[in-house]
Amino acid sequence: KKKIAIMTSGGDSPGMNGVVRACVRMAIHMGCDAYCIYEGYEGLVRGGDLIRKMEWHDVRGWLSEGGTLIGTARCMAFFERAGRLAAARNLISQGIDALIICGGDGSLTGADRFRAEWPSLIEELQASGEFTAETLEHYKHLNIVGLVGSIDNDLSGTDATIGCYSALARICHAVDLIEATASSHSRAFVIEVMGRHCGWLALMAGVATGADFIFIPEKPREDNWREEMCGIVDHHRKLGKRKTIVIIAEGALDRQGNKITPDMIRDLLADKNGLGLDTRITTLGHVQRGGTAVAYDRMLATLQGVEAVKAVLDATPETPTCVIAITENKIVRKPLMQAVQDTKKVARAIERQDFDEAMSLRDAEFSE
Ligand code: ATP
């Protein structure tokens, strides 16, 4: 009987509980034993009661719970071989032979590294005499499948990451609330949203709320962005608009690679020699990732969780580690490291201020 473990890792995102529920139940449905690893890689390294067998009813009601009920953590020990050796020992001790990991690109990189290193970890455990050769024979290969849980929608190769539409819905709701005050007092608001190197949340929130101006990392504004922004806001005001909304991604840069901050924008909009608008800053922060998942993320979590169990059962030593993606509304399996490497390419292009490259990589992601 195959024993499949599921864990969540990296930053939490709405929908992770839906993933765990789907994986646990699909594993049981397929005649396997299901396990949860609590606290991300920390639980894998420490083992003990952080690795628990799950029954069908253990995940009842999890679809509508926010965050991740099995916990998540950043784990330094897993960056070291000793930590990964401890993780291998814990898996084998519990009889677990397949692993499903839901997290961001860091977590998925760690997963791929663990799988690649697995044969040598087994050799080391055999040499130390902790397990018999017969026992280790069963664990010659470790099947790992990744699922992308992130509010940023920053992973290449998938149209949506689990959690991004919940965060987008939360941002839109927050902007709607802020707009009431903005209109009443004829104010301007600069709203900072999450996303790290990825401007998807800011861009889509801008589209969905009809923001006056947005800033994203991949496509910095031209050098005259100050005049451009003030010109557009002024134009909108002259058309009778009483509210001004500027959305800025946390990673927004100018063409020279300098950070654009909400303070800079506020000072510009409030400048008495210019527009002179009463301007406030709202940094949405962690409300963006909190709360329950929207219907789309619950659906994605469930369909992808089911596919992850199928994929982990189909995997052979020859197949590369896969990640479950959604492309043009179809749930598909893709090579995990390809997706991670493509993701890193965008971040690197932004770092070296090659914004044309960053944008064409992003375009390629969504027109695949
Ligand atoms: P988020 O997008 O929310 O930040 P993430 O999965 O990218 O999620 P990270 O903090 O980068 O988050 O990674 C989570 C954990 O994955 C790390 O704390 C570490 O335990 C493991 N990990 C990340 N990168 C590696 C790596 N190169 N080798 C081994 N383990 C890694």
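Residues numbered from 1 in each chain as written. Predicted model: local features only at pLDDT ≥ 70, side-chain atom pairs only at ≥ 80, totals over all residues. Heavy atoms only, no water.

(A) Looking closely at the sheet that holds strand β7 (residues 213–215). Spatially, β7-β8-β6-β9 is the arrangement adopted by the four strands of the open sheet, whose pairing is parallel. Every interior strand has two partners, whereas the edge strands, β7 and β9 (279–283), have only one. Neighbouring strand axes in the sheet, compared pairwise and without regard to direction, differ in orientation by 15 degrees on average. Across the sheet, helix α8 (residues 225–238) is in contact with β6 (188–193), β7 and β8 (244–249); its angle to β7 comes to roughly 150 degrees. (Pairing = 2+ DSSP bridges. Helix = DSSP H or I, 4+ residues; strand = E, 2+ residues; numbered from the N terminus. Axes fitted to C-alpha atoms, helices over the stretch in contact; angles between N-to-C directions. Contact = heavy atoms within 4.5 Å.)

(B) Quick look at the site of the ligand. As a matter of local geometry, the ligand sits amid 16 residues, with Arg74, Cys75, Gly106, Ser107 and Arg113 nearest to it. One of the backbone nitrogen or oxygen atoms of Cys75 is found 2.7 Å away from an oxygen atom of the ligand. Between an oxygen atom of the ligand and a main-chain N or O atom of Gly106, the distance comes to 2.8 Å. With the chains in place, 86% of the 620 Å² that the ligand exposes on its own is no longer accessible. If one sorts the elements of the shell around the ligand by residue count, helix α4 (residues 105–127) sits on top with six residues. Classifying every residue of the shell around the ligand by side-chain character gives four nonpolar, eight polar and four charged. (Near = heavy atom within 4 Å. Polar contact = N/O pair within 3.5 Å; in protein donor to acceptor, adjacent residues only side chain to side chain. Areas by Shrake-Rupley, 256 points an atom, 1.4 Å probe, with all protein chains shown as cover. Nonpolar A, V, L, I, M, F, W, Y, C, P; charged D, E, K, R; others polar.)

(C) Inspection of the environment of Glu357 at higher detail. Residue position: Glu357 is located in helix α12 (residues 355–366). Separated by 266 residues in sequence, Glu357 and Leu91 place their C-alpha atoms 42 Å apart. With residues near it in sequence (within four places) discarded, Glu357 still touches Ala349 and Arg352.

(D) Layout of the pattern of salt bridges. Counted according to the given criterion, the structure contains 26 salt bridges. Measuring nitrogen to oxygen at the nearest pair gives 2.4 Å for the salt bridge that ties Glu130 to Arg89. In this pair, Glu130 sits in the loop between α4 and α5 (133–138) while Arg89 sits in helix α3 (residues 81–94), placing the two residues 41 residues apart along the sequence. With a relative accessible area of 38%, Glu130 lands in the partly exposed category. Asp278 is the salt-bridge partner of Arg280, the closest N and O atoms lying 3.2 Å from each other. (Salt bridge = Lys/Arg side-chain N within 4 Å of Asp/Glu carboxyl O. Buried < 20%, exposed > 50% of the residue type's maximum accessible area, 1.4 Å probe, protein only.)

The values are spatial; any link to function lies outside them.
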